[in-house]
Amino acid sequence: MKVFNILSLVTSVVLTVKVSAADECFSTKLNYPCCKETNEVIYVDKDGEWGVENNNWCGMTQTTDSATVIIPENILEQQPQNNTTVDTTAADTTTNTTTNTTVITTAPTITSDYMSKLKVVNTCPPEAITKQSGVEYPTPKKVYYPSKTTNSDRPLNIILPTNYDESKKYPVLYLLHGIMGNEDSMLDATMGSITIPTNLAKEGKAKEMIIVLPNEYAPEGGKEVTPAFNQEFFDGYDNFINDLVGSIMPYMEANYSILTGRENTAICGFSMGGRNSLYIGYKRPDLFGYVGAFSPAPGVTPGTDFSGYHKGLFTEDSFRAEIPPFVTLVSCGTHDSVVGQFPKSYHEILSRNNQEHIWFEIPGADHDGVAVSAGYYNFISAVFGALN
């Protein structure tokens, strides 16, 4: 799966492919497993058909003569061999219930130079983070969703656009808090979680969006441990990817008027939330097209800090995506007293791995709202095609 063939998308065309026995388990030759359970085709390239199981790519093994390629909205993103640009043709899909076929219609394109269009501002402008006279700001709503991961009902804060209309669909941003925080932590006014996107949208500099603030600590089976800076506690954060993909995202799709597909889905966060945003975004690039990490914590790759050794969610060499995000943004304060040089190390690793991304530092900022708001301001300015 080194090079993805460009698939021409034609409005209202049904995409069906023939699958031969020769295609069975082709992926093992590329060091990917065969799909054992899923029949959903996520990508098609010169090697064959690709699905996703257990958060990993797998090659499709077909026993029938043909299969309908089910393409989540805007999933046919392609990339050149050098992994340094993104050239994407997006697609929306609908299902014809009479013929049980998938219909593809064209949607706006994110071009290979999209990320370079962002003019980085290294400090959040005061007028962007403060409430402005005459502007209506949304109020977060706390809801509870059934978690298959923890076997319990868990809280979410949801920020809807002030003019939210169920007849219209909106992109979704998942905003993650730091360690030992919860779904309320990122609502602190110094973060600008509400004011920045509202003010930018009012000026036409950002898209309207739904913002979701979950509780990121999601230990398997709900088996919580005493909070501490150790791997046993970190495991509950590492497991959040399963709660997000398996419970939160389906809940949002079932209960809110949202656009789906990676070009309509973003994830970002602060500290531990930034660490997990990088992990989730690069583990599931088929789901997330925009990734922001503000002062990200240790643990994305192996390393050691005051709390001890972090085993790493990726090796340095595997911290990459075959289909990279449209935008990856990593930022940190120049005086960060908590995460030190880890954010910069992620920037350096991504650079070595030829992963296009944005890196900048916030002058004089510590591990604080000043650093978060600067990263968040730039990220909100770049997501969901706002730079087009």
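Above this note sits the structure.
Values in this document were obtained by computation on a predicted structure and should not be read as measured data.

Conventions used here
Residues numbered from 1 in each chain as written. Predicted model: local features only at pLDDT ≥ 70, side-chain atom pairs only at ≥ 80, totals over all residues. Heavy atoms only, no water. Helix = DSSP H or I, 4+ residues; strand = E, 2+ residues; numbered from the N terminus. Buried < 20%, exposed > 50% of the residue type's maximum accessible area, 1.4 Å probe, protein only. Contact = heavy atoms within 4.5 Å. Areas by Shrake-Rupley, 256 points an atom, 1.4 Å probe, with all protein chains shown as cover. Arc of directions from axis to C-beta. Patch = residues over 30% accessible without salt bridge, like charges linked within 9 Å, V, L, I, M, F, W, Y side chains within 5 Å. Salt bridge = Lys/Arg side-chain N within 4 Å of Asp/Glu carboxyl O. Phe/Tyr/Trp six-rings, centres within 6.5 Å; stacked < 30°, edge-to-face > 60°. Lys NZ or Arg CZ within 6 Å of the ring centre and 35° of its normal. Core = buried A, V, L, I, M, F, W, Y, C linked by side-chain atoms within 4.5 Å.

A.B. asks: Any details on the overall build of the chain? Residues and values, ideally.
C.D. replies: A tally of regular secondary structure across the chain gives seven helices and 20 strands. Classification of the 388 residues of the chain by burial places 54% in the buried group. Put simply, of all contacts in the chain between residues at least 6 apart along the chain, 74% involve residues at least 24 apart. When the accessible surface of the chain is totalled, it reaches about 16,500 Å², and 50% of it is carbon and sulfur.

A.B. asks: Which residues make up helix α6 (residues 342-352), and what are the values?
C.D. replies: Listed as buried for α6 are F342, P343, Y346, H347, I349 and L350. Within α6, the buried residues cover an arc of 165° as seen down the axis, which keeps them to one side. Where the residues of α6 are buried, they touch α5 (272-283), β17 (303-305), β19 (327-333) and β20 (358-362). One or two positions beyond α6, positive phi appears at N354, with a value near 55°.

A.B. asks: Would you mind going over a nonpolar patch on the surface in detail, with residue names and values included?
C.D. replies: A surface patch of nonpolar side chains, amounting to about 410 Å² of accessible area, comprises M180, F229, F306 and V338. Examined against the element boundaries, M180 turns out to sit in the loop between β13 (172-176) and α2 (195-202). Look at M180 and you get partly exposed, because its relative accessible area is 44%.

A.B. asks: Before we move on, could you go through the packing of aromatic side chains and cite the residues and values that matter?
C.D. replies: In this structure the tally under the stated criterion is 15 aromatic pairs. Taken together, a centroid distance of 5.4 Å and an interplanar angle of 80° make the contact between F233 and Y237 edge-to-face. Of the two residues, F233 and Y237 both sit in helix α3 (residues 231-238), four residues apart, roughly one turn of that helix. The pair formed by F233 and Y237 is uniform in burial state, with each residue classed as buried. Here the basic side chain of R262 rests over the ring of F326, its NZ or CZ set 4.7 Å away from the ring centre.

A.B. asks: Give a detailed account of the nonpolar core, specifying residues and quantitative values.
C.D. replies: Judged by nonpolar contacts, the single largest core of 42 residues is most densely connected at L173, I211, Y290, Y376, F379 and I380. Those elements that place two or more of their residues in this core are β13, α2, β14 (210-214), β15 (265-270), β16 (290-294), β19, β20 and α7 (369-382). Ranked by the residues each element gives to this core, the list is headed by α7, at eight residues. Residues contacting I380, with those up to four places away along its chain left out, are L173, I196, P197, L200, A206 and M209. In terms of nonpolar packing, the next biggest core, distinct from the first, is built from 38 residues, L156, I267, A293 and A321 among them.

A.B. asks: Give a detailed account of the environment of D235, specifying residues and quantitative values.
C.D. replies: Position of D235 relative to the elements: it lies in helix α3. D235 sits in the partly exposed class, given a relative accessible area of 36%. Remark: the alpha-carbon pair of D235 and P219, spanning 16 residues in sequence, is separated by 6.7 Å.

A.B. asks: I'd like a rundown of the pattern of salt bridges, residues and numbers included.
C.D. replies: Close approach of charged atoms lets side chains of opposite charge pair. This model, assessed by the stated rule, comprises eight salt bridges. Across the pair R154 and D243 runs a salt bridge whose closest N-O atoms are separated by 3.2 Å. Of the two residues, R154 sits in strand β12 (residues 152-159) while D243 sits in helix α4 (residues 240-255), which places them 89 residues apart along the sequence. Pair check on accessibility: R154 and D243 agree, each one buried. D286 is paired through a salt bridge with R284; the nearest N and O atoms lie 2.7 Å apart. Under the relative-accessibility criterion, R284 is labelled buried at 8%. When salt bridges that share partners are traced, they join K142, E183 and D184 into one network.

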